[in-house]
Amino acid sequence: MSHALPAGRVLRRLGQAVVVLWAAFTLSFAVLYLLPGDAVLTKLGAGDAGVTASPAELAAVRAEYGLDDPVLVQYGKRLLAALRGDFGTSVTTGDDATHMVLAALPPTLAVTGLALVLAVLLGGGVAVAGTYTRRRWLADLLLSLPPLGTALPTFWVGLVLIQVFSFQLRLLPALGSDGFDALLLPAVTLALPTGAVVAQVLAKSLRTQLAEPHVDVVLAKGASRARVHFGHALRGAALPALTLVGVVAGNLLAGSVVTEVVFSRDGVGRVTATAVAAQDTPVVQAVVVLAAFFFVVVNLAVDLLYPVLDPRLVERREVARG
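Residues numbered from 1 in each chain as written. Predicted model: local features only at pLDDT ≥ 70, side-chain atom pairs only at ≥ 80, totals over all residues. Heavy atoms only, no water.

> Which parts of the structure should I look at to understand the nonpolar core?
In a soluble, globular protein the nonpolar side chains are often hidden away together inside. Membership of the largest hydrophobic core comes to 20 residues, with the highest contact counts inside it found for Phe25, Phe87, Val101, Val268, Val283 and Val287. Of all the secondary-structure elements, those providing two or more residues to this core are helix 1 (7-34), helix 4 (71-83), helix 5 (97-132), helix 11 (268-277) and helix 12 (281-309). A per-element tally of this core places helix 12 first, with six residues. (Core = buried A, V, L, I, M, F, W, Y, C linked by side-chain atoms within 4.5 Å. Buried < 20%, exposed > 50% of the residue type's maximum accessible area, 1.4 Å probe, protein only. Helix = DSSP H or I, 4+ residues; strand = E, 2+ residues; numbered from the N terminus.)

> What am I meant to see in the pattern of salt bridges here?
Any two side chains of opposite charge can pair, so long as their charged atoms come close to each other. For the structure shown, the criterion picks out two salt bridges. Of the charged contacts, one joins Asp140 and Arg136 as a salt bridge, the two residues approaching to 3.3 Å between their closest N and O atoms. Residue Asp140 and its partner Arg136 are both found in helix 6 (residues 136-151); the two are separated by four residues, about one turn of the helix. Notably, a salt bridge pairs Asp266 with Arg270, separated by 3.7 Å at the nearest N-O pair. (Salt bridge = Lys/Arg side-chain N within 4 Å of Asp/Glu carboxyl O.)

> It is not clear to me how the side chain of Thr98 should be interpreted in this structure. Could you clarify?
Mapped onto the elements of the fold, Thr98 is located in helix 5. In terms of polar contacts, Thr98 uses its side chain to reach the backbone carbonyl oxygen of Gly85, at 3.1 Å. Once you skip the residues sitting within four places of it in the chain, Thr98 turns out to touch Gly85, Asp86 and Phe87. (Polar contact = N/O pair within 3.5 Å; in protein donor to acceptor, adjacent residues only side chain to side chain. Contact = heavy atoms within 4.5 Å.)

Everything listed is a geometric property; what it means functionally is a separate question.
Here's what the structure looks like:
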């Protein structure tokens, strides 16, 4: 029997991905349109001390960017252009919005990719060790760490890491984007709260799996405790954790906004923070749609991995359809 997902389910997931991308574009457009302020005023410096833009200059710039059209016309034009991968020109810099975001993407992917690996390793390690050890005090200690980790604000974690590892121990740089050393502290900052969530979900799933009747049967047949824990229980418990990884992967990209500002790193996060402050709609929408695209791709990949980890999922769906 094939372990691949049925074609119909794949098509449904692709359809859902399209809806998510459309919703992300639409909501970002609506929020930016309703926010007080004016990107054109920011661009021309109107209202700043000693700088004044004439009404004619304001009208010319608004016409150049299509901001003088009715809101529904603006939305329709931007949506059609976005379908071609064109999010327009940055109001503040005059550069192509899509190119700006893509150019800033590699440093952000480096941080989020390393953070995701560290989160899975740290979270998985804490969950497995906490549920495997027979020492009650150690299990309680390990499994008390994830709730603490989820409660820590990302910016606070970053500042503490800078204080300890940069200013006191002088082991790693506090700021910048050059080299692997500069990548470690931002990645750990993102990984700690994310790994804590992974650890919580995986530990709960492991306990549920270890309480199943079939575990007693396998042990009675002579299987070692390690084989049951790492072979049988961990494989079943990995499914909820894998689903969570698909969600937190998108959150890591969003968390890069705070992290890149704290560590003064180049990347999508800093571009986003600057664009939001200036209400630069083309750039913000390019970032939002990119983040949504990253989210749906990761979740689709997770969905495709389900049958590999547990072929019974495909069998159950086929039985349900039959």
